[in-house]
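# Examination of the molecular architecture
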Amino acid sequence: MEKKNYNEEFLELLKKNNNSNSYSNRQLNNNGTKITISGITIEEHIIIDKSIGDIEFTACTFKDVKFHNCGLSETSFTICNFYNCAFYTSYFEYVNFTSCYIINTRIDSCQFDKCTFSDTIITESYKFSNSELNRIYNAINFTSFNECNYYQTSIIDAEIFNTNFVGINKEVLPVLTELTIRRTRLTKNVFSDIDLTDSVLTECEIINTSFINTLLTQKTLNNIKQTENSSCFIDLQTILKSDINEETFKLFGVHGFDPKGYIKDLVTEMKFQSVFISYSFEDKEFARALSHILMTRGIKSFFWERDAPGGRRLKKIMYENIHSHDRLLFIASKNSLKSEACHYELNEAREKQNKEWKDIYFPIHIDSYLFEVHKEDIPRKHRDAFWENIEEVKEFNSKDFSSFKTKEDYKSKEFEEAVVQLIKDLKL
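Model, not experiment: these values are computed from the prediction.

### Quick word on the packing of aromatic side chains
Enumeration over the complete set of coordinates arrives at 34 aromatic pairs. Ring geometry for Phe-117 and Tyr-150: centres 5.8 Å apart, planes at 10°, overall stacked. Of this pair, Phe-117 sits in strand β18 (residues 116–118) while Tyr-150 sits in strand β22 (residues 149–156), and the two are 33 residues apart along the sequence. In this structure, Phe-117 and Tyr-150 share a single accessibility class: buried. Ring geometry for Phe-302 versus Trp-304: centroids 6.0 Å apart, planes at 80°, classification edge-to-face. You'll find Phe-302 and Trp-304 in the same group, each marked buried.

### Overview of the environment of Arg-327
Here Arg-327 shows up in strand β35 (residues 327–332). Under the relative-accessibility criterion, Arg-327 is labelled buried at 13%. With 22 residues separating them along the chain, Arg-327 and Ala-349 place their C-alpha atoms 8.1 Å apart. Once residues within four sequence positions are removed from consideration, Arg-327 is found in contact with Gln-273, Ser-274, Val-275, Phe-276, Asp-359, Ile-360, Tyr-361 and Phe-362.

### Some points on the sheet that holds strand β21 (residues 144–146)
Reading across the sheet, the 9 strands line up as β5-β9-β13-β17-β21-β24-β27-β30-β32 and stay open at both edges, with parallel pairing between neighbours. The open sheet has two edge strands, β5 (51–53) and β32 (233–234), and neither has a second partner. In this sheet, strand β9 (residues 71–73) lies alongside β5 in parallel orientation, the contact comprising 3 bridges. Within β9, the residue paired with Ile-52 across the bridge is Leu-72. Here helix α5 (residues 284–296) sits on the sheet in contact with β24 (164–166), β27 (190–192), β30 (210–212) and β32, set at roughly 65° to β27.

### Details of the state of the cysteines
Under the counting rule described, the total for this entry stands at 0 disulfides. Looking at Cys-70, it has no disulfide partner, and the nearest cysteine sulfur is the one in Cys-110, 9.3 Å off. Just so you know, Cys-80 is unpaired, no disulfide at all, and the nearest cysteine sulfur is the one on Cys-60, 4.7 Å from it.

### Things to note about the sheet that holds strand β36 (residues 361–365)
One open sheet accounts for 5 strands, arranged β34-β33-β35-β36-β37; its pairing is parallel. The two strands at the open ends of the sheet, each matched to only one other strand, are β34 (301–302) and β37 (399–400). Strand direction decides the pairing type here: β35 and β36, joined by 5 bridges, are parallel. Note that in β36 the partner of Ala-332 across the bridge is His-365. Of the strands in this sheet, β33 (275–278), β34 and β35 touch helix α7 (residues 314–324), which is tilted by about 140° from β33.

Calculation rules
- Residues numbered from 1 in each chain as written.
- Predicted model: local features only at pLDDT ≥ 70, side-chain atom pairs only at ≥ 80, totals over all residues.
- Heavy atoms only, no water.
- Phe/Tyr/Trp six-rings, centres within 6.5 Å; stacked < 30°, edge-to-face > 60°.
- Helix = DSSP H or I, 4+ residues; strand = E, 2+ residues; numbered from the N terminus.
- Buried < 20%, exposed > 50% of the residue type's maximum accessible area, 1.4 Å probe, protein only.
- Contact = heavy atoms within 4.5 Å.
- Pairing = 2+ DSSP bridges.
- Axes fitted to C-alpha atoms, helices over the stretch in contact; angles between N-to-C directions.
- Disulfide = S-S within 2.5 Å.

Rendered as structure tokens:
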């Protein structure tokens with residue numbers, strides 16, 4: 001179905017559910033593929049499994065609107081307000097937020113790719129809530145912001161948990177980062193490959209948060225406090241690149257005179273095996289949790305949801321990234337061992353292994369199917385090729401992650417310890 005049809009479907013949804021909505025000054029202008037919607041108020045909607053693209057929202061208000069499993073692309077929100085809204089498991093690509101207020105809104109398990117936030121404030125307020133019982137606290141959980149631009153954007157009085165802020169190589173594309181995070185608790189987050197020299201984290205509490213290959217200044221982390229027994233991580237590249245003082249070093253447990261000079265003399269780079277994470281989309285929750293911990297520990301990895309570029313052939317993306325990473329970290333399961341895409345990745349890793357004469361596979365298993373499947377179980381069409389891959393994987397010692405089955409398991413101390421042990425195995 002074309003994008004235009006998705007747009008029309010979305011507009012029809014708004015028209016049908018008008019029991020509490022205001023549609024004053026609606027203007028629909030067909031300007032090429034763009035549709036402009038201005039001056040409307042949308043209230044108490046639940047929008048599920050919708051694709052919204054090529055729409056310009058101007059001076060619109062969203063109140064108590066819930067987006068579930070939605071995809072937004074090439075869409076802009078200008079002078080728009082979101083009150084008491086929620087975005088769950090939704091994907092944003094090339095979406096612009098300009099002069100917007102996002103208040104008491106929950107963002108959970110979402111992905112923002114190449115989006116822009118300009119003069120936008122994400123905050124918490126009692127003023128716009130319908131009632132205290134229905135209030136949605138301003139929180140960002142299990143979300144990724146990849147290659148996004150921030151211009152005079154603020155996050156205030158919020159909770160940010162297990163969220164990644166990932167930049168891009170500035171030689172490829174300059175990323176503008178003017179982000180202020182104030183009076184916010186940051187727990188188990190990652191700032192990676194991002195320039196924070198013009199950003200400020202102030203009056204915040206940071207817990208188990210990591211800064212990987214990130215540029216900081218003495219003003220970036222201001223009036224920060226840590227919870228007792230929490231720890232934050234800063235990698236060597238961040239230390240070597242950043243202009244930070246002794247007080248900032250203490251946040252990361254680094255004490256003593258001139259630690260930067262000491263580290264320069266000691267080592268210039270800590271090298272681990274880089275990994276391409278191969279997994280079935282049926283196992284994406286496990287893969288996402290694993291990828292997040294790898295990132296917090298400074299391991300370079302390719303994770304499809306986060307790193308695969310749009311507009312390119314799938315096999316070309318797989319081929320290039322398997323050959324540019326040291327190892328293929330294969331999440332073995334009944335789902336992945338039946339996946340044609342995963343077997344393509346296994347085959348490419350095997351070809352690379354045969355060519356370079358070094359071990360490429362790094363398997364872990366989340367169920368016992370790898371050890372139970374027989375060649376006769378595989379459909380004849382794929383039998384020989386799939387079985388050759390399976391036998392190759394079985395030659396390597398597979399780490400057992402089968403006891404971790406739920407989202408709660410992935411948040412556990414035991415899961416983190418298992419991944420940390422895996423990271424030790426990845427170290428050269």
